[in-house]
Amino acid sequence: MRDGKVSLLSRVVTVLVYAFLMAPLLVIILASFSPTPIVTFPPKGFSTEWYAKIFDSSTNFVSGFVNSMEVAALATLVDIVLGVSAALAVSRYRFRGREALVTFFTSPMYVPSITFAFVLLNVTSAIGGIPAFAKILLGHVVIVLPYIVRNTLAVLASFNWTLEDAAAGLGANAWQTFRHVTFPLIKPGVTAGALLSFLYSFDEVVLAGLLSSAKFMTLPIRIMNYMEFSFDPTLAAVSTLLILFSFAAILLLERFMGLDMFIKQD
């Protein structure tokens, strides 16, 4: 009887938590179909005109989305190479200062974004001639690197290094060993870190806000600039599309790789 009460309480709490998390998303989605230029809930009718406005050249949301995708994708790809190499080096070898090196690689997680953005802005301004895209990309490469390093180190903590020796003994060179033995085993950590890095880079506001220019702005900055002058359901429509974009990414990840990889690495 006691177990039944506990089970019922757990279910009620679970439902309330899900409702608390999903309610704001539901409000945003419904508000995006409002026929009035003022965000209201519940909407007094149905209209899709605000979704059409997203693609209007005056809002620049499409260009901002493309810019965000380019920066996030490139920063993630660069950090996969850097982060995996760093994680393998500090995991495979034991040397003095190893812990300090790990702390150095993950230190951007503990530095306030506004502080790093201000320093990077001063440095790039002193050099001069650096386009906004390059400045934002450089900043994002630094701030998202810890996510790949930490997740890769998590799977390498239980990695059996004798497998690499066995592959080498069978005639495999260093690249073949990494491609066919090491990487398949650490792929869950690399994928998890890459996903977190991409999402963080895509949504980053502080650094992009200081380093962007009139010619190059990411989507979060376009949205913030739009909010300064108007607050209509177009913002709800953009948010709805971003919600769907996130769910689509999760579904594709589950379809081709499986979400259980995030559980296996713990």
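Residue positions are counted from 1 within each chain, in the order its sequence is given. Two thresholds apply to this predicted model, a pLDDT of at least 70 for residue-level local features and 80 or more for giving and counting side-chain atom pairs, whereas whole-chain, interface and lining totals are computed over all residues. The side-chain values count all of the structure's non-hydrogen atoms but skip hydrogen atoms and water molecules.

Caption draft 1: Seen up close, the packing of helix α3 (residues 61-92) against helix α8 (residues 174-203). Every axis in this analysis is a line fitted to C-alpha atoms, fitted for helices over the stretch in contact. Angles between the N-to-C directions lie between 0 and 180 degrees. A run of DSSP states H or I qualifies as a helix once it reaches four residues; a run of E qualifies as a strand once it reaches two. Both are numbered from the N-terminal end. Between α3 and α8, whose axes approach to 9 Å, the crossing angle comes to 140°. Between α3 and α8, the angle is such that the two are oblique. Helix-helix and strand crossings are classified by hand; for α3 and α8 the assignment is right-handed. Along its contact with α3, which presents F65, S68, M69, V71, A72, A73, A75, T76, I80, V84 and L88, the element α8 presents F178, T182, I186, V190, A194, S197, F198, S201 and F202. A per-class count over the contact of α3 with α8 returns 15 nonpolar, five polar and no charged. Any angle that falls under 35 degrees is termed roughly parallel, while one over 145 is termed roughly antiparallel, one within 65 to 115 roughly perpendicular, and all others oblique. Two helices crossing with the near one rotated counterclockwise from the far one by less than a right angle form a left-handed crossing, whereas a clockwise rotation gives a right-handed crossing. Two residues form a contact once any of their heavy atoms are found within 4.5 Å. Classification used: nonpolar for Ala, Val, Leu, Ile, Met, Phe, Trp, Tyr, Cys and Pro, charged for Asp, Glu, Lys and Arg, polar for all others including Gly.

Caption draft 2: Up close: the nonpolar core. To define a nonpolar core, start from buried Ala, Val, Leu, Ile, Met, Phe, Trp, Tyr and Cys residues and group those joined through side-chain atoms within 4.5 Å. Burial classification: accessible surface area is computed with a 1.4 Å probe over protein chains only, and a residue below 20% of its type maximum counts as buried, one above 50% as exposed, and the rest as partly exposed. Among the nonpolar cores identified, the biggest contains 16 residues, and V84, V90, F105, V149, L153, L156 and I186 are the most heavily contacted of them. For this core, the elements supplying multiple residues, two or more each, are α3, α4 (98-106), α6 (132-156) and α8. Element by element, the count of residues in this core is highest for α6, at six residues. For L156, the residues in contact, after removing those within four places along its chain, are A87, L88, S91, W161 and I186.

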